[in-house]
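For reference, the chains in residue letters:
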Amino acid sequence: MASAEVHDKIEDLKPPVIQVGVIGWIRSNLFNGWLNSLLTLVTLYILIKTVPPFIRWAFLDAAWNTSGQACRASQGACWSVVTKNLRFIIFGFYPYHLHWRPLLAMIMLFVLLFLSRERTNWKPWLFYSWLVGLAAMGLLMRGGLLGLEPVESSQWGGLPLTLLLSVFGLAAAYPLGVVLALGRRSRMPAIRYLCVVYIELIRGVPLISLLFMASIIFPLFLPEGLTINKILRAQVAIILFTAAYIAEVVRGGLQAMPKGQYEAAESLGLNYYQTMRLVILPQALKIVIPPTVSILISAFKDTSLVVIIALFDVLKTTQSVLSNPEWMGFSREAYIFLALLYFLGCFSMSNYSRKLEKELSAGEL
Amino acid sequence: MKLAKLLIVMVAVLALASVSMAGTLDDVRAKGYLRAGVNGSVFGFSMPDKKGVWKGLDVDTAKAVAAAVFGDANKVKFVPLTAVQRLPALQSGEIDVLCRNTTQTLTRETKNGLNFVHVNYYDGQGFLVPKKLGIKSAKELDGATVCVLPGTTTEMNAADYFRSHGMKWKPVVIENTAELNKAFFAGRCDCLTSDASQLAAQRSVAPNPKDYVLLPEIISKEPLAPVVRHGDDQWYDIVNWTVMALIEAEELGITSKNVDKMLKSKNPQIQRFLGVTPGMGKALGLDDKWAYNIIKQVGNYGEIFERNVGVNTPLGLERGLNALWTKGGLMYAAPFR
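Thresholds, definitions, all that
Residues numbered from 1 in each chain as written. Chains lettered and ligands numbered in written order. Predicted model: local features only at pLDDT ≥ 70, side-chain atom pairs only at ≥ 80, totals over all residues. Helix = DSSP H or I, 4+ residues; strand = E, 2+ residues; numbered from the N terminus. Buried ≥ 20, exposed ≤ 12 C-beta atoms within 10 Å, placed from the backbone. Contact = placed C-beta atoms within 7 Å. Rg over C-alpha atoms; globule rule 2.2 N^0.38 Å. Pairing = 2+ DSSP bridges. Axes fitted to C-alpha atoms, helices over the stretch in contact; angles between N-to-C directions. Domains from an automatic or database assignment. Nonpolar A, V, L, I, M, F, W, Y, C, P; charged D, E, K, R; others polar. Expected span 1.5 Å × (residues − 1). Core = buried A, V, L, I, M, F, W, Y, C linked by C-beta atoms within 7 Å. Parallel < 35°, antiparallel > 145°, perpendicular 65-115°, else oblique. Left-handed = near helix turned anticlockwise from the far one by under 90°.

Participant: Just checking my understanding: could you explain the overall build of chain B for this structure?
Facilitator: Across its full length, chain B holds 14 helices and 14 strands. If you line up chain B on its principal axes, its C-alpha atoms span 70 × 60 × 40 Å. Classification of the 337 residues of chain B by burial places 46% in the buried group. For chain B, contacts bridging at least 24 residues in sequence account for 70% of all contacts bridging at least 6.

Participant: Would you take a moment to explain the overall build of chain A for this structure?
Facilitator: Per the secondary structure count, chain A includes 17 helices and zero strands. Rg of the C-alpha trace for chain A: 28 Å, well past the compact-globule value of 21 Å for 365 residues, more than 25% over. Taken along the three principal axes of its C-alpha coordinates, chain A extends 95 × 75 × 45 Å. For chain A, long-range pairs separated by at least 24 residues make up 66% of all intrachain contacts whose partners lie at least 6 apart in sequence.

Participant: Honestly, the sheet that holds strand β12 (residues 212–214) of chain B in this entry has me stumped. Any pointers?
Facilitator: Backbone-to-backbone hydrogen bonds join strands into a sheet, with any given pair of strands oriented parallel or antiparallel. Residues and elements named next belong to chain B. With mixed pairing, the five strands of this open sheet are ordered in space as β10-β9-β11-β8-β12. This sheet does not close on itself; its edge strands, each paired only once, are β10 (169–173) and β12. Strand-to-strand twist of the sheet, defined as the mean angle between neighbouring strand axes without regard to direction, takes the value 30 degrees. Contacts between helix α6 (residues 153–164) and the sheet are confined to β8 (125–130), β9 (144–148), β10 and β11 (191–195), with β9 contributing the most and set at about 160 degrees to the helix.

Participant: Even after reading the chapter, I still don't get the environment of A:T292, so can you show me in this structure?
Facilitator: Residue and element names in this part refer to chain A. For T292, the position within the fold is in helix α15 (residues 289–302). Sequence spacing of T292 and V249 is 43 residues, and the spatial spacing of their C-alpha atoms is 6.6 Å. Among residues more than four places away in sequence, those in contact with T292 are I246 and V249.

Participant: So what exactly am I meant to see when it comes to the domain arrangement of chain A here?
Facilitator: You can read the domains of chain A as domain 1 (2–73) and domain 2 (90–94 + 151–313 + 341–364). The centre of domain 1 of chain A, based on its C-alpha atoms, is set 44 Å off from the matching centre of domain 2 of chain A.

Participant: Looking at this structure, how should I read the domain arrangement of chain B?
Facilitator: Accessible area lost upon the coming together of the parts serves often as the stated size of an interface. Residue and element names in this part refer to chain B. Assigned domains of chain B: these are domain 1 (23–122 + 224–327) and domain 2 (125–220). The C-alpha centroid of domain 2 is placed 31 Å from the C-alpha centroid of domain 1. Contacts between the two partners involve seven residues from domain 1, matched on the other side by four residues from domain 2. Split by residue class, the side of domain 1 that touches domain 2 holds five nonpolar, two polar and no charged.

Participant: Where do I start with the environment of A:P95 in this structure?
Facilitator: Residue and element names in this part refer to chain A. When you line up the elements, P95 lands in the loop between α6 (86–91) and α7 (100–117). Linking P95 and W156, residues 61 residues apart in sequence, is a C-alpha distance of 9.1 Å. The residues touching P95, leaving out its near neighbours within four places in the chain, are V151 and Q155.

Participant: Would you mind showing me how to read the environment of B:A334 here?
Facilitator: All names here are of chain B. Here A334 shows up in the segment after α14 (301–308). Here A334 falls in the exposed class, since 11 other C-beta atoms lie within 10 Å of it. Taking the C-alpha atoms as reference, A334 lies 9.3 Å from A245; in sequence the two are 89 residues apart.

Participant: Teacher, can you tell me more about the pairing of β11(B) here?
Facilitator: Successive side chains on a regular strand alternate, one facing one side of the sheet and the next facing the other. Residue and element names in this part refer to chain B. Across the five residues that make up β11, a large majority, five, are buried. Direction of pairing for β8 relative to β11: antiparallel, over a ladder of four bridges. Among the inter-strand pairings, L128 is bridged to a residue of β11, identified as L192. Relative to β11, β9 runs parallel, the two being bridged by two bridges. Across the sheet, the residue bridging to C147 is L192, located in β11.

Participant: Quick question: what am I supposed to make of the pairing of β9(B) here?
Facilitator: Residue and element names in this part refer to chain B. The element β9 is largely enclosed, with a buried count of four among its five residues. Bridge count between β9 and β10: five bridges; the pairing is parallel. Bridge pairing in β10 places A144 opposite W169.

Participant: Just checking my understanding: could you explain the interface of chain A and chain B for this structure?
Facilitator: Taken together, the contact between chain A and chain B spans 33 residues of the former and 38 residues of the latter. The set of elements that each furnish at least two residues to the side of chain A that touches chain B consists of α6, α11 (207–221) and α16 (314–322) of chain A. Looking at the side of chain A that touches chain B element by element, the count peaks at four residues for α11(A). Residue composition of the side of chain A that touches chain B, by class: 18 nonpolar, twelve polar and three charged.

Participant: For this particular structure, what's the right way to read helix α3 (residues 57–70) of chain B?
Facilitator: For an α-helix, 3.6 residues make a turn, and residues three or four places apart therefore share a direction. All names here are of chain B. The end-to-end C-alpha separation of α3 is 20 Å, in line with the 20 Å expected for 14 residues at 1.5 Å each. Counting buried residues along α3, 14 of its 14 residues qualify, which places the element largely inside the surrounding structure. Looking at the residues trailing α3, positive phi occurs at G71, about 75 degrees.

Participant: Help me understand the nonpolar core in this model?
Facilitator: One broad rule of soluble globular proteins: the nonpolar side chains tend to lie buried together. Judged by nonpolar contacts, the single largest core of 168 residues is most densely connected at B:A36, B:V97 and B:I294. Counting residues per element, this core draws most heavily on helix α12 (residues 230–256) of chain A, at 13 residues. Here B:V97 is in contact with B:L34, B:A36, B:A62, B:V65, B:P226, B:V228 and B:V239, once residues within four sequence places are set aside.

Participant: Can you walk me through helix α3 (residues 34–60) of chain A in this structure?
Facilitator: Spanning 27 residues, α3(A) covers 37 Å between terminal C-alpha atoms, matching the ideal 39 Å at 1.5 Å per step. Across the 27 residues of α3(A), zero count as buried, placing the element largely on the outside.

Participant: Where do I start with the packing of α7(A) against helix α8 (residues 124–142) of chain A in this structure?
Facilitator: In a pair of packed helices, the angle between the axes and the distance between the axes together describe the arrangement. All names here are of chain A. Closest axis-to-axis distance for the α7/α8 pair is 9 Å, and the angle between their directions is 165 degrees. Comparing the axis directions of α7 and α8 gives the class roughly antiparallel. In this structure, the crossing between α7 and α8 has a hand that is left-handed. Contacts between α7 and α8 pair R101, P102, L104, A105, M108, L109, L112, L115 and S116 from the former with L126, S129, W130, G133, A136, M137, L140 and M141 from the latter. Looking at the contact of α7 with α8 residue by residue, the classes come out as 13 nonpolar, three polar and one charged.

What follows is the structure, encoded as structure tokens:
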């Protein structure tokens with residue numbers, strides 16, 4: 001019993017309040033020196049000056065679902081520009097009564113992407129469900145079968161178009177980039193120089209000029225009367241462009257592989273394809289996950305450049321709403337909404353890459 | 001092996017392409033729809049509405065062409081184009097007609113190999129100023145700061161105007177229309193210059209539109225007209241006379257509402273126009289009901305104007321130069337005979 005009392009007394013001795021708990025944390029992190037104290041105070045001042053007015057503007061005084069005239073009268077943000085035009089911003093020219101089709105296609109895409117998150121799901125059934133899902137999405141967007149009204153690709157727009165350009169752009173650019181990287185390190189001079197020339201040519205021009213070429217110059221070379229779908233042209237330009245960048249990143253990974261790995265694979269009697277598929281690429285691709293993801297993210301954002309060739313992606317539909325006199329001038333609200341959309345896309349990509357890295361423990365290398 | 005395959009594909013593509021070298025009218029008929037290039041972000045001229053349906057004066061002009069060719073104004077596919085894309089798109093055959101507020105100029109007709117048909121909107125560059133400056137004429141703008149979009153004829157016209165009148169000016173160049181408006185309404189410049197039709201739209205979104213006035217001077221001529229390719233005279237005639245038909249119908253007092261009644265009119269001009277007396281449509285290679293279809297489905301020029309840009313729209317434009325010649329404007333159709 002006596003020893004228990006001693007224990008009690010020891011526990012009664014708490015450290016001073018100013019060293020632990022909230023106050024301690026504040027002291028050691030925010031006010032541990034005159035410079036940091038000053039910075040803290042300045043930051044606090046800026047926050048107090050900006051956050052409450054922003055909240056007042058964005059939420060308290062905001063108009064959520066009114067006409068443009070009512071918006072002009074109010075002091076706060078005019079979210080009506082988004083809510084009133086949401087269907088046009090999201091779906092563009094897709095026939096109004098058929099909006100459920102792109103919506104369903106997008107939901108399918110998200111479900112498939114979500115299922116593909118877990119590597120334990122990477123089994124044949126997932127592959128087949130992608131095949132079925134892609135076919136179903138194509139059918140939903142295009143129509144023309146099973147009693148679905150046909151919808152031309154020129155009427156596609158908004159978010160489905162952005163997703164189409166980015167998901168397919170990235171999905172096609174990645175393998176192409178890997179092939180180019182392997183080609184650039186090939187022992188066959190013809191293939192090597194071809195890949196070098198391709199990569200350097202594409203990397204030497206900005207994406208905008210590629211899009212311009214695809215949309216303006218390319219059709220002039222085609223024989224009269226033959227035209228190639230505008231979306232397809234932009235899609236190809238995006239794929240070619242992104243692939244060149246991925247190729248260089250992957251090459252970095254390939255060069256990081258110690259020579260011993262190649263030699264070990266060869267001494268096991270593996271041929272070139274087996275060496276690459278079983279030994280080199282799994283390791284190399286793992287190393288380059290972070291730079292690859294940043295390229296994929298920037299490619300996702302770059303799809304908005306199709307605005308300059310007048311494809312109505314989600315940025316262009318928003319801009320188009322803003323040129324309507326009723327909604328002119330509410331660009332802040334509309335662009336904040338767009339920024340949120342893009343942020344969601346980019347953030348989930350980088351989130352996923354962190355998860356993947358952890359699972360593959362690439363960080364340890 | 002791969003090279004051989006590639007060659008086969010290329011030859012096949014060429015063969016496929018050479019089939020469709022017939023006239024534009026036959027092409028359009030074979031396709032079953034008209035492809036019209038439009039702007040896509042000019043309210044009142046060509047812009048999608050909330051439901052993604054195309055609306056505007058240029059859009060209705062293209063619809064009129066479709067009504068003339070197919071008897072169905074909805075057989076049009078609109079291709080939104082940027083200022084840079086519009087002429088190559090027409091040259092390469094990606095579109096059949098361009099209705100994208102394009103100014104008719106000499107070099108565009110000659111160097112670019114294009115033909116402009118009858119003008120469907122007479123525009124011109126003007127100035128918008130705040131009322132409180134008390135300015136009555138553009139000649140009083142000496143030393144003004146002027147908000148203007150870069151890289152357009154607008155900027156050059158303004159420079160020409162100020163130089164030729166011996167006045168100084170300070171351009172404030174802002175790339176984006178929305179930002180340009182904001183700068184002007186925030187008082188960063190004394191006046192805003194653009195095409196008069198645009199200025200009307202910009203004024204309508206001012207915090208208080210009555211605080212701003214349009215100056216009377218119009219400093220440039222901007223005849224906006226639909227465009228077709230050189231070298232297909234039949235197609236040129238069809239598009240040209242479609243625009244004229246819109247104007248002629250207004251002059252004859254035929255509207256989308258009374259067109260059926262007008263079929264019984266005793267006036268020989270109206271009988272010829274609506275195809276009651278046959279001949280006009282055949283001469284163009286179209287159905288004799290072509291003009292009837294246009295007016296019935298799209299309306300005459302006056303109706304199109306009032307519906308899209310007229311006094312009761314947010315743009316609130318007066319007819320001005322776009323009134324009929326009988327009412328002091330420039331809209332004048334050659335006789336239908």
